[in-house]
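The residues making up each chain are set out below.
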Amino acid sequence: MAWLLEVWLPLRLAALFVVSAGVASLLNAAVYAWAWERRLVSPWQPAAAGASPRTRLDRIPIVGWLRLRRDAPVLGRGFWVRPMLIEAGFAAGIAALYWWEVDQLGLIRPQLADLAQRIAAPLPTVDPASIAGPLHAQFFAHAVLAALMTIATFIDFDDRIIPDEVTFPGTLAGLLLAATLPLCLLPSVQERFAPPAAGVVVEAPGGAALTGPDGGALYLVPTHVAAPNAWPAALAGKPSRASLLLGLGCFWLWCFAIADRRWPGRGPALKRFGEKLRLQLARLHRSLTTRPIREALLAGTLLIAMVWYGGGPSWVALLTALVGLVVSGGLVWAVRIIGTAAMGREAMGFGDVTLMMMVGTLTGWQAAPLIFFLAPAAGLVLAVFNLLLRGDHAIPYGPFLCLATVVVIAGWGHLWVWAELLYAVGWLVPGVLVVCFVLMGVLLGMLRGLKALLGVAGEDY
């Protein structure tokens, strides 16, 4: 990929803007087509009843929406503004992401600066051409994730759901990217006296490897399961059966999560627990053995086994993605369970769980707690404004998970320098999370009791 860096940067950014605008046009179509109630708005869809026929010029990204203003009497005044802004904003955002990650080395430069500070000496300037492959792999993975999160965000805003049409293929795509492009995961700069399980040497202009604080070479590696500690032999590929079981267990848990697990409701024919359990197991079995979960289960199991057998960087990245899937989704799943138990009603949709599972395949488990703590901060601000302006207590949570993910990815270079010190203490992060979950359950329970005491209706909290 080094040849690509020889192309004039403004030309690369302009080409990315054009291509991304075209992709965003299809993202808009998906937002309307996969909504709870399908809406015929996009020029890629058939025209709605009473609307003018669509033409090829209407499909030109961004400017095509100016032409579609003619359908305002049918589709509503200003219907074209949001999709036009989505296309322009997505295109500009992807171009900015490329500039930040590839040209400015935004994800690794802060880590190099931290190393330079620790050894009290400036490190040589890194030549982007020497690590062009990993830089473009990371950018491509993050661009794909941004596209999927764009669809999820605006469907959640409109209908307060996140459809499986987004998260199901998105999760599979994340796992496939990790297996085929191991260095697409969030990067970590580490010093090694021997080559790591997966990574490339960080080089200065002229091809000279940078020297670390203790004389070892600096490697750009994916932030794997054990990071910031070294990759353990127990997690290696063949012949370590424990690592294979861990990977398969994570994938099978995802299949279980997206299957039909609804507990049978009340009814005269379902009075006993045993009858309800048999019905739920039958429903789960039917869901796992029918399309598309059946095909995903079989193909995913085969892929994991094949990558484990081959070992190497692909297995390091794939296992990292699988563990990231479970931890990321598990955090939100735990909030859903605790919040529902404490509040006496569903606290969060399961689409938020599957969304975070998809995100976790490309961010790893280390980013999950950062996203988990950042999302409520953004959500709380909007909730206050929503309550004051509209009197509405309920807000979609998926967009804030996506916003927090964007912040964590963009600021990863700075965040990882700080977070790896905490993650090096193995018990600290899980301990803090457990305490937070307990406190959340207690506070929500107290809030429920207080509102019951004050006579506030159940649907208001």
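Just so it is clear, the model here is predicted, and its values are computed rather than measured.

S.K.: So what exactly am I meant to see when it comes to the overall build of the chain here?
M.R.: A tally of helices and strands in the chain yields 15 helices and three strands. Within the chain, contacts between residues separated by at least 24 positions form 71% of all contacts whose residues are at least 6 apart in sequence.

S.K.: I would appreciate a short explanation of helix α9 (residues 273-288) in the present structure.
M.R.: Each turn of an α-helix holds 3.6 residues, which means side chains three or four residues apart point in the same direction. Compared with the 22 Å implied by 1.5 Å per residue over 16 residues, the 22 Å span of α9 between its first and last C-alpha is a close match. Every buried residue belonging to α9 is among K276, Q280, R283, L284 and S287, and all of these are buried. Seen along its axis, α9 keeps its buried residues to an arc of 100°; they face one direction. Opposite its buried face, α9 presents the exposed residues R278 and H285, each directed more than 90 degrees away. Each element contacted by the buried residues of α9 is listed here: α8 (241-258) and α10 (293-310).

S.K.: Please clarify how the side chain of T363 should be interpreted in this entry.
M.R.: The residue T363 is located in helix α12 (residues 350-390) in this model. Polar contacts involving the side chain of T363 include one to the main-chain carbonyl oxygen of V359, which spans 3.0 Å. Discounting residues that sit within four places of it in the chain, T363 has contacts with L145, L186, T405 and I409.

S.K.: Would you mind going over the environment of Y309 with me for this structure?
M.R.: With respect to the helices, strands and loops of the structure, Y309 is situated in helix α10. The class for Y309 is exposed, based on a relative accessible area of 55%.

S.K.: Can you walk me through the sheet that holds strand β2 (residues 200-201) in this structure?
M.R.: Strand pairing in a sheet takes place through backbone hydrogen bonds and is either antiparallel or parallel in direction. Pairing in this open sheet of three strands is antiparallel, and the strands run β1-β3-β2 from one edge to the other. Of all strands in the sheet, those with a lone pairing partner are β1 (187-192) and β2, marking the two edges. Sheet analysis places β1 next to strand β3 (residues 217-222), joined by six bridges and oriented antiparallel. Directly across from E191, in β3, lies its bridge partner L218.

S.K.: I tried to follow the pattern of salt bridges on my own but got confused; where do I start?
M.R.: Between side chains of opposite charge, a pair can form when the charged atoms approach closely. Under the defined criterion, the tally for this structure stands at nine salt bridges. A salt bridge links D159 to R39, with the nearest nitrogen and oxygen atoms 3.8 Å apart. With D159 in helix α6 (residues 132-159) and R39 in the loop between α1 (9-33) and α2 (64-67), the pair connects residues that are 120 residues apart, well separated along the chain. Between D158 and R82 there is a salt bridge, with its nearest N and O atoms 2.9 Å apart. Highlighted residues: D158 in helix α6 and R82 in helix α4 (residues 81-103), separated in sequence by 76 residues.

S.K.: How should the packing of aromatic side chains be read in this particular structure?
M.R.: Aromatic rings in a pair are described by how distant their centres are and how their planes are angled relative to each other. The tally for this structure, following the rule as stated, stands at 11 aromatic pairs. Aromatic pair W65 and F79: ring centres 6.4 Å apart, planes at 75°, arrangement edge-to-face. Of the two residues, W65 is situated in helix α2 and F79 in the loop between α3 (72-75) and α4; the sequence distance between them amounts to 14 residues. Neither residue differs from the other here; W65 and F79 are each classed as buried. For the ring pair F372 and F373, a centre distance of 5.2 Å and an interplane angle of 75° mean the geometry is edge-to-face. Residue class for F372 comes out buried when judged on its relative accessible area of 13%. Note on F373: relative accessible area 41%, which makes it partly exposed. For the cation-ring pair, R261 lies above F256, with the distance from its terminal atom to the ring centre recorded as 5.5 Å.

S.K.: How should α10 be read in this particular structure?
M.R.: Taking 1.5 Å of rise per residue, the 18 residues of α10 would be expected to cover 26 Å, and the 26 Å separating its terminal C-alpha atoms lies within 8% of that figure. Buried within α10 are the following residues: I293, A296, G300, I304, V307 and W308. End-on, the buried residues of α10 take up no more than an arc of 100°, which puts them together on one face. Projecting away from the buried face of α10 at angles above 90 degrees are the exposed residues L298, L302, M306, Y309 and G310. Directly after α10, the chain includes G311, whose backbone phi takes a positive value near 65°.

Parameters at a glance
- Residues numbered from 1 in each chain as written.
- Predicted model: local features only at pLDDT ≥ 70, side-chain atom pairs only at ≥ 80, totals over all residues.
- Heavy atoms only, no water.
- Helix = DSSP H or I, 4+ residues; strand = E, 2+ residues; numbered from the N terminus.
- Contact = heavy atoms within 4.5 Å.
- Expected span 1.5 Å × (residues − 1).
- Buried < 20%, exposed > 50% of the residue type's maximum accessible area, 1.4 Å probe, protein only.
- Arc of directions from axis to C-beta.
- Polar contact = N/O pair within 3.5 Å; in protein donor to acceptor, adjacent residues only side chain to side chain.
- Pairing = 2+ DSSP bridges.
- Salt bridge = Lys/Arg side-chain N within 4 Å of Asp/Glu carboxyl O.
- Phe/Tyr/Trp six-rings, centres within 6.5 Å; stacked < 30°, edge-to-face > 60°.
- Lys NZ or Arg CZ within 6 Å of the ring centre and 35° of its normal.

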